Amino acid sequence: MKGPASALDERCITTIRLLAVDMVEQARSGHPGLPLGAAPMAYALWSRHLRHNPADPAWPNRDRFILSAGHGSALLYALLHLTGYDLSLDELKNFRQWGSKTPGHPEYGLTPGVECTTGPLGQGFAMGVGMAIAERWLAARFNRPDYPVIDHYTYALVSDGDLMEGVACEAASLAGHLKLGKLIYLYDDNHITIEGDTSITFTEDVAKRFEAYGWHIQRVEDGNDVEAVSRAIENAKAETRRPSLILVRTVIGYGSPKQNNPACHGEPLGPEASQATKECFGWPADAAFFVPDDVRRFMGRAVEEGGKMQQAWRDLLEGYRKAYPQEAALLEAYLSGTLPDGWTEALPAFDPAEGALATRAASGKVLNALAPVITNLMGGSADLAPSNKTFITDGGDRNLHFGVREHAMGAILNGMALHGGVRPYGGTFLVFADYMRPAIRLAALMGTRVIYIFTHDSIGVGEDGPTHQPVEQLASLRVIPHLTVIRPADAKETTAAWKKALESDGPVALALTRQKVPVLDVSMDRILEGVEKGAYVLADSDQTPRMILLATGSEVHLALAAKDILEKEKGVPTRVVSMPSWELFAAQPPTYRDSVLPPQVRARVAVEAGTTMGWHRWVGDAGAVIGIDRFGASAPGGEVMKRFGFTVENVVETALRVLDV
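- As recorded by an unreviewed UniProt entry, the chain carries the name Transketolase and is attributed to Desulfacinum infernum DSM 9756.
- Quoted verbatim from the Subunit (unreviewed entry) field of UniProt, the annotation for the chain is "Homodimer."

1. Thoughts on empty space enclosed by the protein
It is a probe the size of a water molecule, rolled over the atoms, that shows where empty space is left.
So, point 1. Evaluated as defined, the whole model comprises five cavities of 30 Å³ or more.
So, point 2. Surrounding the largest cavity, Trp 46, Leu 50, His 52, Pro 57, Arg 62, Asp 63, Arg 64, Phe 65, Leu 76, Tyr 85, Gly 113 and Glu 115 form its lining.
So, point 3. A breakdown of the residues in the lining of the largest cavity according to their chemical character gives six nonpolar, two polar and four charged.
So, point 4. In this model, the second largest cavity occupies a volume close to 50 Å³.
So, point 5. Tallied by class, residues from the lining of the second largest cavity come to five nonpolar, one polar and two charged.

2. Description of the environment of Pro 545
So, point 1. Tracing the backbone shows Pro 545 in the loop between strand E16 (536–539) and strand E17 (547–551).
So, point 2. For Pro 545, a relative accessible area of 11% gives the class buried.
So, point 3. Measuring from C-alpha to C-alpha, the distance between Pro 545 and Pro 598 comes to 9.4 Å, with 53 residues separating the pair along the chain.
So, point 4. Leaving out residues up to four positions away in the same chain, Pro 545 has contacts with Asp 540, Pro 573, Thr 574, Arg 575 and Val 601.

3. Digging into the domain arrangement of the chain
So, point 1. Partitioning the chain into structural domains gives domain 1 (7–306), domain 2 (343–511) and domain 3 (534–660).
So, point 2. Summarising the inter-unit geometry, the C-alpha centres of domain 1 and domain 3 are found 52 Å apart.

4. Here's the deal with the layout of surface pockets
So, point 1. Considering only enclosed or pocket space, the largest pocket measures out at about 630 Å³ in volume.
So, point 2. Along the wall of the largest pocket there are 32 residues; nearest its centre are Tyr 108, Ala 417, Leu 418, His 419 and Gly 420.
So, point 3. Residue assignment for the lining of the largest pocket shows that the elements contributing at least two residues are helix H12 (325–336), helix H15 (406–419) and strand E11 (423–429).
So, point 4. When residues of the lining of the largest pocket are assigned to domains, at least three fall in each of domain 1 (7–306) and domain 2 (343–511).

5. Things to note about unusual backbone geometry
So, point 1. Even without a glycine there, the phi angle at Asp 146 is positive, about 75°.
So, point 2. One non-glycine residue, His 456, lies in positive phi territory at about 55°.
So, point 3. Exposure remark for His 456: the relative accessible area of 4% places this residue in the buried category.

6. Some thoughts on the pattern of salt bridges
So, point 1. The tally for this structure, following the rule as stated, stands at 27 salt bridges.
So, point 2. In this structure, the salt-bridge partner of Glu 608 is Arg 478, at a minimum N-O distance of 2.7 Å. Placement of Glu 608 in the loop between strand E19 (604–607) and helix H23 (616–619) and of Arg 478 in helix H17 (residues 473–478) is noted, with a sequence separation of 130 residues between them. For the pair Glu 608 and Arg 478, a shared accessibility class is recorded, and that class is buried.
So, point 3. The closest approach of N and O atoms between Glu 503 and Lys 499, which form a salt bridge, is 3.0 Å. Of the two residues, Glu 503 and Lys 499 are both situated in helix H18 (residues 491–503); the distance of four residues between them amounts to about one turn of the helix.
So, point 4. The exposure class of Lys 499 is buried, given its relative accessible area of 19%.

7. Side note on the pairing of E17
So, point 1. Counted residue by residue, E17 has five buried out of five residues, so it is predominantly covered.
So, point 2. Judged from the five bridges that link them, E17 and strand E18 (residues 574–578) form a sheet pairing that is parallel. Along E18, the bridge assignment pairs Ile 548 with Arg 575.
So, point 3. Handedness of the crossover joining E17 and E18 through helix H20 (residues 556–568) is recorded here as right-handed.
So, point 4. Note that E17 and E19 share four bridges and pair parallel.

8. Examining the UniProt feature "domain: Transketolase-like pyrimidine-binding" (unreviewed entry) in the chain
So, point 1. The residues that UniProt annotates with the feature "domain: Transketolase-like pyrimidine-binding" (unreviewed entry) are residues 357–519.
So, point 2. Split by type, residues 357–519 is 39% helix and 19% strand. Its first and last C-alpha atoms lie 7 Å apart.

9. A few points about the sheet that holds strand E2 (residues 154–159)
So, point 1. Pairing in this open sheet of five strands is parallel, and the strands run E1-E2-E3-E7-E6 from one edge to the other. The strands lining the two open edges of the sheet, one partner per strand, are strand E1 (64–67) and strand E6 (216–220). Averaged over all pairs of adjacent strands, the angle between strand axes in this sheet comes to 20°, irrespective of strand direction.
So, point 2. Sheet topology places E6 next to strand E7 (residues 244–249); five bridges connect them, and they run parallel. Within E7, the residue paired with His 216 across the bridge is Ser 244.
So, point 3. Along the sheet face, helix H2 (residues 33–48) touches E1, E2, strand E3 (183–189) and E7 and points at about 155° away from the line of E3.
So, point 4. Against the sheet, helix H5 (residues 123–142) engages E1, E2 and E3, with an angle of about 165° to E3.

Definitions and limits used
- Residues numbered from 1 in each chain as written.
- Predicted model: local features only at pLDDT ≥ 70, side-chain atom pairs only at ≥ 80, totals over all residues.
- Heavy atoms only, no water.
- UniProt positions renumbered as here; feature names shortened; annotations may be inferred.
- 1 Å grid on protein atoms, 1.4 Å probe; cavity = no way out; pocket = protein on both sides within 12 Å on 5 of 7 lines; lining within 4 Å.
- Points joined across faces, edges and corners; volume = space filled by probe spheres on them.
- Nonpolar A, V, L, I, M, F, W, Y, C, P; charged D, E, K, R; others polar.
- Helix = DSSP H or I, 4+ residues; strand = E, 2+ residues; numbered from the N terminus.
- Buried < 20%, exposed > 50% of the residue type's maximum accessible area, 1.4 Å probe, protein only.
- Contact = heavy atoms within 4.5 Å.
- Domains from an automatic or database assignment.
- Salt bridge = Lys/Arg side-chain N within 4 Å of Asp/Glu carboxyl O.
- Pairing = 2+ DSSP bridges.
- Right-handed = clockwise from strand over helix to strand, strands pointing away.
- Axes fitted to C-alpha atoms, helices over the stretch in contact; angles between N-to-C directions.

The structure is reproduced here in structure tokens:
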């Protein structure tokens with residue numbers, strides 16, 4: 001498919017453009033402007049450069065294409081349909097409708113060929129950086145002379161809005177620093193956003209900014225010049241030491257009566273303007289979803305060509321398997337996402353006799369015990385590795401230094417997980433999870449296997465004060481669907497939390513203490529089973545309990561001490577429930593939940609150094625919650641905890657008030 005643009009090329013581009021227009025018109029909703037302007041550059045990439053196989057969207061060595069400007073989804077759906085992915089014309093006709101495979105913004109796991117869920121601007125840009133990092137690491141680990149078994153590019157189409165977002169700035173800076181030469185982005189430089197011309201907000205020199213980041217920069221002055229775009233992509237592929245940004249000057253809504261007008265960004269053209277657009281391109285004005293036979297044949301060749309590319313890769317892999325059998329077996333295990341046999345045997349044991357240990361420190365020990373066994377476990381921290389304990393000793397290039405870039409780190413972790421072959425984790429203080437929230441939300445939406453290590457998990461942080469003391473963050477994370485939050489009580493529960501995180505099919509957030517906590521004198525088997533279920537009876541009364549104390553994290557130890565006083569001094573049979581994960585507990589059968597929290601025992605007190613929001617689900621109307629519904633204060637951690645009521649005495653007093661004794 002090389003060579004200058006032809007009449008057939010133009011028909012293909014027009015088909016892409018007008019399929020997008022028809023999708024938006026039929027739905028009476030969508031964004032026609034980007035597809036009309038960006039179709040030529042997308043076509044140049046997909047028809048002349050992109051290595052993919054529509055018959056197998058999961059082919060490991062395919063090039064990745066990200067539509068970071070996800071609002072232009074109709075462009076991507078047209079490309080997927082025409083090149084032979086399992087996306088029928090009927091699905092295009094159901095654009096943005098209930099149950100369709102063509103939602104308003106691309107969704108990973110729903111539409112074949114969609115590499116990641118995009119829409120929140122800048123996230124796709126940063127996820128591409130993560131994919132390029134994963135590709136480079138796997139290539140360095142496995143490629144051998146004559147056997148480049150991991151060798152592909154990561155492409156994205158990005159917009160003005162993407163480049164304005166802070167997450168893209170952070171990711172671009174890191175990509176330039178890492179010299180990710182197989183990262184190539186096409187910038188749809190149309191100078192229009194929803195509110196008008198970009199001159200009202202965005203007058204910087206983008207090229208100079210990206211040059212300063214360390215990117216290779218090219219300009220294509222006419223976005224309709226397919227040949228010029230293709231040459232720029234060739235030049236970008238030849239540049240191996242820098243990521244590439246190709247600024248392609250386009251016209252939003254090209255060919256329509258609303259071209260170069262913000263009105264065509266996010267609303268249908270309307271029947272009259274749509275008809276005029278088709279007439280402009282010499283298309284049958286009354287034909288909807290029209291695909292000429294020669295266009296379908298030509299673009300459909302991607303199935304045959306992609307099959308040949310993938311078969312050539314399979315042949316290469318077979319030769320690699322014979323020459324390097326151990327490496328091939330390991331690569332295939334990495335790509336399959338399976339954990340190595342017997343990996344749980346590497347989980348460390350913690351002895352109460354060895355003294356108290358912060359759960360962040362326990363997490364670091366677990367990480368370093370598992371790293372030699374799960375050898376594609378890789379990640380790092382937002383410049384906080386000594387505090388987060390996220391550094392793998394002798395881990396080499398498995399240790400990533402994200403810099404002070406939580407926004408980008410969150411999205412990059414998603415890209416790494418989506419690429420496959422690696423097990424990513426990233427760390428920061430729990431209070432700064434707020435910086436990562438859009439990426440965490442997308443991780444939950446996509447079901448990516450990402451582990452978040454959030455340390456300094458409460459007002460126990462102490463002297464750093466309320467800016468660094470998380471109060472609302474646990475509740476904020478718990479409300480994200482499909483995100484598992486685990487706040488372990490000690491080193492043993494931290495071990496169990498890591499086990500659960502690695503076995504999970506979606507993202508998991510670990511909330512870990514800065515301060516030391518005792519190691520529970522409970523069998524590891526019991527703790528593993530209990531954490532797996534989200535909550536369990538940690539300590540029970542010899543009699544039917546009258547009081548249930550629920551707690552997470554460091555506050556579990558307050559509950560245990562309060563139980564002793566309530567039983568020995570007050571004569572109140574008391575049960576202590578450790579509840580490291582609401583999500584895991586809520587997923588258990590009602591019979592198990594009732595066995596831990598018997599409905600007839602209504603006297604309950606929950607203890608957690610965070611907002612009380614949500615806890616009444618577990619304690620009921622008759623119960624009480626010891627929490628913190630204001631910001632913290634700067635003082636030594638123990639003093640802050642005491643001042644806010646996190647003491648054994650207050651737990652006992654609160655329990656007695658609930659019992660009204």
